[in-house]
Structure formats: structure tokens, C-alpha cells
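# Residue-level structure breakdown
Here is how the chains run, residue by residue.
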Amino acid sequence: MLPLVKFFEIYWADGLISALVGMFILASAIQPMILSADCLILRVPSTKDAALKNLRRNVENHSGVVRIHSIHLWSLTSAKLVLSMRVFVADDHDPLSVKAEIRDMVMEDFQGAESVIQVLQDHALHGRVSDVDEVPMVGASREVSGILL
């Protein structure tokens, strides 16, 4: 018991101070708990939505890219992101050089992110579009404004 509480005989102050300390601890713990939950469910950090839209736009505007099949981004830890992407490249472009250029774009927008980029030639689409569209990507994802994250 606090000496002042005993001296002035205001015993209710002890409970009040204890409640205030408890609320302070609880308020301080909420943000770390939310970040931990986001990591556990492999959620995309909301701060990266604009960067992902920018990456998608840049890749779609690349001269060698025919279309983007899928982009998935999730958090592995609170500081580590993982990005996977499947891109179809025009037959007249070198897939390895296009992949290297896309990887540079990823590193520019998501410094330190792990990335898996699958590049397929456009002729891989002919006659097998339904097969390609049915292949699932591994990892948690969500959709924001029509962009698969």
C-alpha cells in the first residue's frame, strides 16, 4: 500500500492507481499483439498496397510482358515479405532478362523481400489457357481493388 494512501486514509486511490497502471500496460500491448497476429495469418501489410499496385503497373507496362497471371504478397515475419509472381512473356523476348528486370522492380519497391518469379513464354499459353488458370499459388492472399495480393 502506498504510504500516502495510508497516511491520508484514501484507500480507494490504491485501486485507482492499480487500474490506471493496468490500462497503460494493456494499451501498450495492443499494437504488438496486432502485429503478431498479422504475421501468424501471413497477412499483407496494408502499407504495401500502393507499392504492390505500382509494381503491377510497372510489370504490365514492360515491353516483354504479355500478361500477369498472379501476384501474391504476404509477410513471413514482421520485417520480411515474400512475393510470388507468374508472368507470361512475349515469344520475341528473352525470359531470363525479363525476369531479371522484374526482380529489379521488386527490389526497388520491396527492399529485402524474398521473391519467386515464374516467367513463361507466351507460346505456353496456346491451347492450355484453362490448365494455367487452374494452377493454384501457395500462400495466403487477399484481393484489394481487383489486384490479387
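Figured I'd write up the structure that's included with this text. Just so it is clear, the model here is predicted, and its values are computed rather than measured.

### Overview of the overall build of the protein
Assigned secondary structure in the protein consists of five helices and five strands. Reading the secondary structure of the protein in the N-to-C direction produces α-α-α-β-β-α-β-α-β-β. Within the protein, the fraction of its 149 residues that count as buried is 33%. A sequence separation of at least 24 residues applies to 68% of the contacts in the protein between residues at least 6 apart.

### Examining the pairing of strand β1 (residues 65-75)
Among the 11 residues of β1, nine are classified as buried, and the element is accordingly described as predominantly covered. Note: β1 against strand β2 (residues 81-89), nine bridges, orientation antiparallel. Looking at the pairing, S75 lines up with L81 of β2. Counted along the chain from β1 to the antiparallel partner β2, the turn is five residues long.

### Re helix α4 (residues 95-109)
Given 3.6 residues per helical turn, the α-helix brings residues three or four places apart onto the same face. Here α4 spans 21 Å end to end across 15 residues, near enough to the 21 Å set by a 1.5 Å rise per residue. For α4, the set of buried residues is V98, I102, M105, V106 and D109. Down the axis of α4, the buried set is contained in an arc of 100°. They therefore lie on one face. Counted as exposed and oriented over 90 degrees from the buried face of α4: L96, D104 and E108. Buried-residue contacts for α4 involve α3 (49-60), β1, β2 and β3 (114-121).

Cut-offs applied
- Starting from 1, residues in each chain are numbered consecutively following that chain's sequence as written.
- For this predicted model, a pLDDT threshold of at least 70 governs which residues receive local features, and a threshold of 80 or more governs which side-chain atom pairs are given and counted, while totals over whole chains, interfaces and linings are taken from all residues.
- Remark: hydrogens and water are excluded; side-chain values derive from all non-hydrogen atoms of the structure.
- Secondary structure counts use DSSP, requiring at least four H or I residues in a row for a helix and at least two E residues in a row for a strand, with both numbered from the N terminus.
- With a 1.4 Å probe rolled over the protein chains alone, any residue whose accessible area is under 20% of its type maximum counts as buried; one over 50% counts as exposed, and the rest are partly exposed.
- A contact between two residues is defined here by any heavy atoms of the two lying within 4.5 Å.
- DSSP bridges decide pairing: two strands pair if at least two such bridges lie between them.
- The length a helix should cover is 1.5 Å for every residue beyond the first.
- The arc in question is the one traced by the directions running from the helix axis out to the C-beta atoms.

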